[in-house]
Amino acid sequence: MPDNVKAAIDTAAEVTEKKTRSLADALEFLENKLHVSDATREKINGSIDRLQDLLEDARDEAQDKTKIVRRQIRRHPGASLAIAAAAGLVVGLLLRRD
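Bear in mind the structure is a predicted one, so any value in this text is a computation, not a measurement.

This paragraph deals with the overall build of the protein chain. Helix and strand counts for the protein chain stand at three helices and zero strands. Radius of gyration (C-alpha) of the protein chain: 21 Å, far over the 13 Å computed for a compact globule of 98 residues. Here the protein chain holds 98 residues, and the buried ones make up 11% of them. Counting only carbon and sulfur atoms, one obtains 59% of the accessible surface of the protein chain, whose full area is about 8000 Å².

Attention shifts here to a negative patch on the surface. On the surface, a cluster of negative charge is made up of D49, D53, E56, D57, D60, E61 and D64. Secondary-structure assignment places D57 in helix α2 (residues 38-75).

A surface patch of nonpolar side chains, about 320 Å² in accessible area, is lined by F29, L30 and L34. Structurally, the position occupied by L30 is in helix α1 (residues 2-34). Overall, the relative accessible area of 42% leaves L30 in the partly exposed class.

Structurally, V15 is set in helix α1. On the basis of relative accessible area, V15 is assigned to the partly exposed category, the value being 43%.

Turning to the confidence of the model for the protein chain, a few remarks are in order. When pLDDT is low, close inspection of the predicted coordinates is not appropriate. Averaged over every residue, the pLDDT of the protein chain is 81; the share at 70 or more is 93%. Within the protein chain, helix α3 (residues 77-96) carries the highest mean pLDDT (90), whereas α1 carries the lowest (73).

So, about the environment of I68. Tracing the backbone through its elements, the reader meets I68 in helix α2. Sequence separation of I68 and R97 is 29 residues, and the distance between their C-alpha atoms is 34 Å.

What counts as what
Residues numbered from 1 in each chain as written. Predicted model: local features only at pLDDT ≥ 70, side-chain atom pairs only at ≥ 80, totals over all residues. Heavy atoms only, no water. Helix = DSSP H or I, 4+ residues; strand = E, 2+ residues; numbered from the N terminus. Rg over C-alpha atoms; globule rule 2.2 N^0.38 Å. Buried < 20%, exposed > 50% of the residue type's maximum accessible area, 1.4 Å probe, protein only. Areas by Shrake-Rupley, 256 points an atom, 1.4 Å probe, with all protein chains shown as cover. Patch = residues over 30% accessible without salt bridge, like charges linked within 9 Å, V, L, I, M, F, W, Y side chains within 5 Å. Salt bridge = Lys/Arg side-chain N within 4 Å of Asp/Glu carboxyl O. Lys, Arg positive; Asp, Glu negative; His and termini not counted. Charge placed at Lys NZ, Arg CZ, Asp CG, Glu CD. pLDDT = per-residue confidence, 0-100.

Rendered as structure tokens:
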């Protein structure tokens, strides 16, 4: 299960990174087409840099949380299994209700 969590986090980070790059490309295209001022260009570039920093921070935090979850699962495998079974039961009951 932790490998699935890590894979999901990695996938989300990759998608976010691609979206960020797409946004940067779109802004660059607009800059070239609209002939924006240097001040505006600097603001746009600063925003892109901040967005990339936030993405890196989010990825690091997600990796830290994944490590914590893995450690807890290793320390308490029985409790982890019971929690997973209970969550599966609840989801199953909710999905069964029509």
